[in-house]
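A look at the structure
Each chain, written out:
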Amino acid sequence: MKTIDWTRDELVAYILLFAANSDFKEDNKERDVIISKVDMQTFQDIHDEFDNDNDYQGIQKIMTSLRQHNYDKDDVEILLADIKTLFFSDGEFNINERNMLKSLERLFKTL
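Treat the numbers as computed from the prediction; the structure is a model and nothing was measured. (Residues numbered from 1 in each chain as written. Predicted model: local features only at pLDDT ≥ 70, side-chain atom pairs only at ≥ 80, totals over all residues. Heavy atoms only, no water.)

This part takes up unusual backbone geometry. Although it is not a glycine, Phe24 adopts a positive phi angle of roughly 65°. Following the sequence through the fold, Phe24 ends up in the loop between α1 (8-20) and α2 (28-37). Judged by relative accessible area, which is 72%, Phe24 ranks as exposed. For Asn70, which is not glycine, the phi dihedral falls at a positive 55°. With respect to the element layout, Asn70 can be found in the loop between α4 (55-68) and α5 (73-88). Here Asn70 falls in the exposed class, since its relative accessible area comes to 60%. (Helix = DSSP H or I, 4+ residues; strand = E, 2+ residues; numbered from the N terminus. Buried < 20%, exposed > 50% of the residue type's maximum accessible area, 1.4 Å probe, protein only.)

Right, let's get into a negative patch on the surface. Taken together, the side chains of Asp9, Asp39, Asp45, Asp48 and Asp51 define an acidic patch exposed on the protein surface. Counting residues per element, the negative patch draws most heavily on helix α3 (residues 40-51), at three residues. Among the secondary structure elements, Asp39 is positioned in the loop between α2 and α3. (Patch = residues over 30% accessible without salt bridge, like charges linked within 9 Å, V, L, I, M, F, W, Y side chains within 5 Å. Areas by Shrake-Rupley, 256 points an atom, 1.4 Å probe, with all protein chains shown as cover. Salt bridge = Lys/Arg side-chain N within 4 Å of Asp/Glu carboxyl O. Lys, Arg positive; Asp, Glu negative; His and termini not counted. Charge placed at Lys NZ, Arg CZ, Asp CG, Glu CD.)

Orientation of α1 relative to α2, taken along the N-to-C sense of each, is 170°, at an axis distance of 9 Å. As summarised for this structure, α1 and α2 are arranged roughly antiparallel, according to the angle between their axes. Listed contacts from α2 to Asp9, Val12, Ala13, Leu16, Leu17 and Ala20 of α1 are Glu30, Ile34 and Lys37. For the contact of α1 with α2, the residue count by class is six nonpolar, no polar and three charged. (Axes fitted to C-alpha atoms, helices over the stretch in contact; angles between N-to-C directions. Parallel < 35°, antiparallel > 145°, perpendicular 65-115°, else oblique. Contact = heavy atoms within 4.5 Å. Nonpolar A, V, L, I, M, F, W, Y, C, P; charged D, E, K, R; others polar.)

With that settled, the discussion passes to the side chain of Asp23. Note on placement: Asp23 falls in the loop between α1 and α2. Among the polar contacts listed, one links the side chain of Asp23 to the side chain of Asn94, at a separation of 3.2 Å. The contacts of Asp23, once residues within four sequence positions are left out, are Asn94, Asn96 and Glu97. (Polar contact = N/O pair within 3.5 Å; in protein donor to acceptor, adjacent residues only side chain to side chain.)

Attention shifts here to the environment of Thr3. Counting through the fold element by element, Thr3 comes out in the segment before α1. Classification of Thr3 as exposed rests on a relative accessible area of 61%. Expressed as a C-alpha distance, the spacing of Thr3 and Ser65, which sit 62 residues apart in the sequence, is 7.3 Å. Apart from the residues within four sequence positions on either side, Thr3 is in contact with Thr64 and Gln68.

The subject of this paragraph is the side chain of Asn94. Positionally, Asn94 belongs in the loop between α5 and α6 (95-108). Using a relative accessible area of 18% as the deciding quantity, one classes Asn94 as buried. Within polar-contact distance, the side chain of Asn94 engages the backbone nitrogen of Asn96 at 3.0 Å. Setting aside residues no more than four positions away along its own chain, Asn94 makes contact with Asp23 and Lys25.

Below you can see the structure in the form of structure tokens.
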């Protein structure tokens, strides 16, 4: 993948949407967390793009954009904290969410 023309907010929105859909449902509390991080227009635009991507495309876009925005260890830690907040927002942290968190942690370590 060449380049992704996302702002940092768009990248955060995409990653949080990707995580929120790990259990194949995106509830209103999770959406509220995402919207608390980015504005509604960014959320909607990125949601439309997310809906058209498969998991492989999503991961490729995320990793390319993280590199383009020069995410470092501290940035990744903040991002992982946001993902944990998202996962706990609905009051449960199910096995799919746990697996997604572990996968993203491993993936982000390759940066």
